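Results of the structural survey
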Amino acid sequence: MYDDAVAHRYHDRFLERIGRTARITGTRPELASYVDVPGLEMMIHVRNVASMVASDFSDRGGLIQLARKTSRVAPCYAPFKHLVIDWDGSVVVCCQLRSDTVKHASAVVAKIGQDGVGLVDAYVALGPWRKSLKGFGPKAAPCGSCNVYEYADNPASLLVGRLVGEEQLPGVQILKRSASRLIGKTKRL
């Protein structure tokens, strides 16, 4: 159970460790505060595990054992929407995964600055992951247990998933040709 006194104790210990003060902005569903750092907006959240479970939080690619156990069959469009680069230049499939854990090593697709890899190369390296996640059906680890951005298995979402996955549609081919002209790397698309 979440305990306010314990949350405050962890909060205060953290502030002491970093040598800062903070202004508490909320205590429900969890303790939150703004840390006093000139020129920087820094927030602290002392997580309430009970509320996280109730709100169906992510298992972070199998790392958090308290999350709901699921087998993902819904599409995931996260790798289409953003490019995640970790502190060391590692490019990972999405923000739910960590490049510094062995369990997610397969989800590190490139490393910026290594072997001439740049941003476009990193985004292109996500291609196989994007392809594996765009339709309905079982997903490989670490995505296989993810519940973030799940879509219902209903006729409308099945149709959208099929259209997104259809390589031969004229619109898809036009988009690919346009993108290849923009980045000048047709052989990678």
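A quick note: this is a predicted structure, and the numbers were derived from the prediction, not measured.

1. Description of the sheet that holds strand E6 (residues 108-111)
The strands making up a sheet are joined through hydrogen bonds of the backbone, oriented either antiparallel or parallel. The three strands are arranged E4-E5-E6 in an open sheet whose pairing can be described as antiparallel. Two strands in the sheet have a free side with no partner beyond their single neighbour: strand E4 (84-85) and E6. Sheet topology note: the E4/strand E5 (residues 90-92) ladder contains two bridges and is antiparallel. Bridge pairing links Ile85 to Val91 in E5.

2. Side note on the environment of Ser99
Tracing the chain through its elements places Ser99 in the loop between E5 and E6. By relative accessible area, which is 15% here, Ser99 ends up buried. Taking the C-alpha atoms as reference, Ser99 lies 6.9 Å from Asp86; in sequence the two are 13 residues apart. If we ignore the near neighbours within four places in the chain, the residues touching Ser99 are Asp86, Asp88, Ser90, Val92 and Val108. One polar contact links Ser99 to Asp86, side chain to side chain, over a distance of 2.5 Å.

3. As for the nonpolar core
Ranked by size, the top nonpolar core spans 10 residues in total: Cys76, Ala78, Val93, Cys94, Leu97, Ala107, Leu126, Trp129, Leu133 and Cys143. Once residues within four sequence positions are removed from consideration, Trp129 is found in contact with Val93, Ser106, Ala107, Val109, Ala141, Pro142 and Cys143. By size, the runner-up hydrophobic cluster in this structure holds seven residues, among which are Ala7, Leu15, Ile44 and Val46.

4. A word on the environment of Arg130
Mapped onto the elements of the fold, Arg130 is located in helix H5 (residues 127-133). Separated by 55 residues in sequence, Arg130 and Pro75 place their C-alpha atoms 9.6 Å apart. The contact partners of Arg130, leaving out residues within four places of it in the chain, are Pro79, Phe80, Tyr123 and Val124.

5. Digging into helix H1 (residues 4-18)
Compared with the 21 Å implied by 1.5 Å per residue over 15 residues, the 21 Å span of H1 between its first and last C-alpha is a close match. Among the residues of H1, those classed as buried are Ala7, His11 and Leu15. The buried residues of H1 occupy an angular sector of 65° when the element is viewed end-on, so they sit on one face. Exposed side chains of H1 directed beyond 90 degrees from the buried face belong to Arg13, Glu16 and Arg17. At its buried positions, H1 is contacted by strand E1 (22-26), strand E2 (31-35) and strand E3 (42-46). In this structure Asp3 caps H1, since a side-chain oxygen of it lies 2.8 Å from the backbone nitrogen of Ala5. A positive phi of about 70° marks Gly19, the residue just after H1.

6. Structural notes on the pairing of E2
The element E2 is extensively covered by neighbouring structure, given that four of its five residues are classed as buried. For E1 and E2, the ladder comprises four bridges, and the chain directions are antiparallel. By the bridge assignment for E2, Ala22 is matched with Val35. In terms of strand pairing, E2 meets E3 through five bridges, oriented antiparallel. Looking at the pairing, Leu31 lines up with Val46 of E3. Between the end of E2 and the start of E3, which pair antiparallel, lie six residues, with Gly39 showing a positive phi angle near 75°.

Conventions used here
Residues numbered from 1 in each chain as written. Predicted model: local features only at pLDDT ≥ 70, side-chain atom pairs only at ≥ 80, totals over all residues. Heavy atoms only, no water. Pairing = 2+ DSSP bridges. Helix = DSSP H or I, 4+ residues; strand = E, 2+ residues; numbered from the N terminus. Buried < 20%, exposed > 50% of the residue type's maximum accessible area, 1.4 Å probe, protein only. Contact = heavy atoms within 4.5 Å. Polar contact = N/O pair within 3.5 Å; in protein donor to acceptor, adjacent residues only side chain to side chain. Core = buried A, V, L, I, M, F, W, Y, C linked by side-chain atoms within 4.5 Å. Expected span 1.5 Å × (residues − 1). Arc of directions from axis to C-beta.

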